[in-house]
Every structure is written in C-alpha cells, then in structure tokens.
Amino acid sequence: MTRVVAQGTFDILHPGHLHYLREAASFGSELHVIVARRENITHKDPPIVPDRQRQAMVEALDPVDEARLGHTEDIFVPIERIDPDVIVLGHDQHHDEAAIADALATRGIDCTVERASALESADDERLLSTGQIIDRILEQRC
C-alpha cells in the first residue's frame, strides 16, 4: 500500500480542488488529506467556511480516504501520524519542495515530495479558485 498526503485550505470547493485530489490519489493507493485550520492560514485571506465543515466536505469526495484537520502548532504532526510514502503539493501552493523534504528528513519521515499539475481550462466561465468564486459573487450580488 502506498499512502499519499495532500493538504490545503479547501475553502469553497471547486474543480481545481478535485483535480488536485484526483492527481494526488493517482500517486498511491490511499489518500489522506490535511485540511488547514483557519488559525494557521497566514499567506492568504482566512477561509469563509468553518474548519470542520471543510474537513467533512473534503472527506466526502471520492478520491479521499481520510481527511483530518491540521495541527494547531506544528504542520508536521499529522504527517508523522499518517507516515506517508508521498506528499503531493498543489500546483500553486506556496510551499518549497526542497524545504519540505529537508524538514521531513530531519524528523525521520521517509517520503517523496511531488508537485501536482495545474488544471487547464479553455472555458473562460470555469472558476478554478476560491478567490475567483468570491470575486464573481461580489460582482454579481453586490
């Protein structure tokens, strides 16, 4: 069995999220997803949807075997518990693969770090990020 970890905010689910999780699942036989806690998100606006609701929505998706909330203080705690063979980062996530690999090695976690591809869209109407969805809502409803 090859255990894979994906992680993210997953605020308002959209096709980009599904693409990421499907691709992450293709790296192994079991996909675990770590959903970031609102309090830990500092690189962008905090999510609108509450933590547990985002976790439940991600866990309901077909590619996902298990979803859990991230640790409040140390992002590596759930990774240590899952003990993955592969971590798949989203194509646009701000994490540095080499820094993650170094931190994993320091903690004795033996796994590879991969980067998922972007979902290409020829359809201008397709919304592929939470930010795009929020902007469209504000344009059309405010």
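Here the structure is a predicted model, which means the values were calculated and not measured. (Residues numbered from 1 in each chain as written. Predicted model: local features only at pLDDT ≥ 70, side-chain atom pairs only at ≥ 80, totals over all residues. Heavy atoms only, no water.)

A. Focus on the overall build of the chain. Helices and strands together make up the secondary structure of the chain, namely five helices and five strands. Reading the chain from its N end, one meets helices and strands in the order β-α-β-α-β-α-β-α-β-α. Over its C-alpha trace the chain gives a radius of gyration of 15 Å, about what one expects of a compact globule, namely 14 Å for 142 residues. Expressed as a percentage of its 142 residues, the buried residues of the chain come to 38%. Across the chain, every contact between residues at least 6 apart in sequence was considered, and the portion connecting residues at least 24 apart equals 72%. Accessible area of the chain: about 8200 Å², with a carbon and sulfur share of 47%. (Helix = DSSP H or I, 4+ residues; strand = E, 2+ residues; numbered from the N terminus. Rg over C-alpha atoms; globule rule 2.2 N^0.38 Å. Buried < 20%, exposed > 50% of the residue type's maximum accessible area, 1.4 Å probe, protein only. Contact = heavy atoms within 4.5 Å. Areas by Shrake-Rupley, 256 points an atom, 1.4 Å probe, with all protein chains shown as cover.)

B. Representation of the side chain of E30 within the structure. By the element assignment, E30 lies in strand β2 (residues 30-35). A polar atom in the side chain of E30 sits 2.6 Å from the side chain of H32. In contact with E30, other than residues within four places in its own chain, are M1, T2, R3, V4 and D65. (Polar contact = N/O pair within 3.5 Å; in protein donor to acceptor, adjacent residues only side chain to side chain.)

C. Geometry of the pairing of strand β5 (residues 112-115). Sheet topology places strand β4 (residues 86-89) next to β5; four bridges connect them, and they run parallel. Bridge pairing links V86 to T112 in β5. Following the chain from β4 across helix α4 (residues 97-106) to the adjacent parallel β5, one finds a crossover that is right-handed. (Pairing = 2+ DSSP bridges. Right-handed = clockwise from strand over helix to strand, strands pointing away.)

D. Local environment of the pattern of salt bridges. Across all of its chains, the model carries six salt bridges by this definition. Between E66 and R68 there is a salt bridge whose closest N-O contact spans 3.1 Å. For D74, the salt bridge identified is with R107, shortest N-O distance 2.8 Å. With a gap of 33 residues between them, D74 in the loop between β3 (66-69) and α3 (76-82) and R107 in the loop between α4 and β5 connect regions that are remote in the sequence. Relative accessible area serves as the criterion here: at 21%, D74 is assigned to the partly exposed category. Shared partners join several salt bridges into a network, and the residues in it are D74, E80 and R107. (Salt bridge = Lys/Arg side-chain N within 4 Å of Asp/Glu carboxyl O.)

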